[in-house]
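Examination of the molecular architecture
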Amino acid sequence: MKTTETPAPVPAESGAPVLKADTPPGGPRKAKKEGTTLNVFSHAILVIWAFMVAMPLVWAVMTSFKDDASIFGSPWSLPDKLNFDNWSRAWSQAHMSDYFLNTVLVVGGSLVGTLVLGSMAAYVLARFDFPGNRFIYYLFIGGMSFPIMLALVPLFYVVDNMGLLNTIHGLILVYIAYSLPFTVFFLTAFFRTLPTSVAEAAFVDGASHTRTFFQVMLPMAKPGLISVGIFNFLGQWNQYMLPTVLNTDPDKHVLTQGLVQLAVSQGYKGDWSGLFAGLVMAMLPVLAAYIIFQRQVVQGLTAGALK
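These remarks concern the structure in this document. (Residues numbered from 1 in each chain as written. Predicted model: local features only at pLDDT ≥ 70, side-chain atom pairs only at ≥ 80, totals over all residues. Heavy atoms only, no water.)

**Focus: empty space enclosed by the protein**
Left-over empty space is what a probe sized like a water molecule reveals as it rolls over the atoms. The final tally for this structure, using the stated rule, is one cavity of 30 Å³ or more. Along the walls of the largest cavity sit Thr 103, Val 106, Val 107, Tyr 175, Gln 236, Trp 237, Gln 239, Val 254, Leu 255 and Thr 256, which together make up its complete lining. Of all the elements in the fold, those that place two or more residues in the lining of the largest cavity are helix H4 (96–127), helix H10 (222–237) and helix H12 (255–265). Residue contributions to the lining of the largest cavity peak at three residues, all from H4. Grouping the amino acids of the lining of the largest cavity by side-chain chemistry returns six nonpolar, four polar and no charged. (1 Å grid on protein atoms, 1.4 Å probe; cavity = no way out; pocket = protein on both sides within 12 Å on 5 of 7 lines; lining within 4 Å. Points joined across faces, edges and corners; volume = space filled by probe spheres on them. Helix = DSSP H or I, 4+ residues; strand = E, 2+ residues; numbered from the N terminus. Nonpolar A, V, L, I, M, F, W, Y, C, P; charged D, E, K, R; others polar.)

**Topic: the packing of helix H7 (residues 168–193) against H10**
Running from amino to carboxyl end, H7 crosses H10 at an angle of 155°, the nearest separation of the two axes being 10 Å. Taken together, the axis directions place H7 and H10 in an arrangement best described as roughly antiparallel. Crossing hand, H7 versus H10: right-handed. Contacts from Tyr 175, Ser 179, Phe 182, Thr 183, Phe 186, Leu 187 and Phe 190 in H7 reach Pro 223, Gly 224, Leu 225, Ser 227, Val 228, Phe 231, Asn 232 and Gln 236 in H10. (Axes fitted to C-alpha atoms, helices over the stretch in contact; angles between N-to-C directions. Parallel < 35°, antiparallel > 145°, perpendicular 65-115°, else oblique. Left-handed = near helix turned anticlockwise from the far one by under 90°. Contact = heavy atoms within 4.5 Å.)

**Quick notes on the layout of surface pockets**
Approximately 450 Å³ is the volume attributed to the largest pocket. In terms of lining residues, the largest pocket is bounded by 17 residues, among which Gly 143, Ile 148, Ala 177, Tyr 178 and Pro 181 are the most central. Mapped onto the lining of the largest pocket, the elements with two or more residues apiece are helix H5 (133–144), helix H6 (148–161), H7 and H10. When residues of the lining of the largest pocket are assigned to their parent elements, the largest contribution, six residues, is made by H7. In terms of residue class, the lining of the largest pocket is made up of 12 nonpolar, five polar and no charged.

Set out below in structure tokens:
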């Protein structure tokens, strides 16, 4: 049996230069220069993007405190004085207070219903294996790809036949049905990342499925609930097409309908300062919700990847 002997390495001659094959041409100085250039370029893109996003918001808030002459005379300058009359006029005379209350009722009720029903459906689909599990899951996924434009006419007749047309609770039910597919899709993936040992320990202690869900699993899914709740809040608060078709009663209009009504009803008078004040009123709750819960939104989006 022959053994292959590995030849001993030949020592380099004294004084001969030794080349390192792993060292890239130019050394670490060139790599550092490339990294610095990339950082400068990415930061410049982020600054431009932040300016493009923040500038319209700042301009709208600034314009809401101007009078009509200042809006057209010097649109980019700061207001000479803060005209809070614009806000009071939009709140009372333009009925923005009624529109705001209707929107809070509709979005609040639909958001609670969407999170409760969506979390229950997502928990069952993620944790239990039964015939038709994947079929039901893909039905929810298919609901995300179904254009709402195709459902407007049949949806109108369905809501009308149920006696829910031009009602707050009818609009709440439609919002829940509209938001459930994305909610179930999001929370199903989130519930799959939660540890099963905690639920098994609850079952061993004698907890029922209902108690385990509401007292154990649902608190653990808080980051995911907040994330999907913010997304649903944004979509439902800014919804215009559904209330336009299903809510034609002027006394029950929501904010998006109220802003359009405010712009159309002025005719040639053009109360632009009041219109911008109403626009900022509709915009502030969305900004406040994101600023308050931005950390929870990021945690909910990255929880599945980190676990």
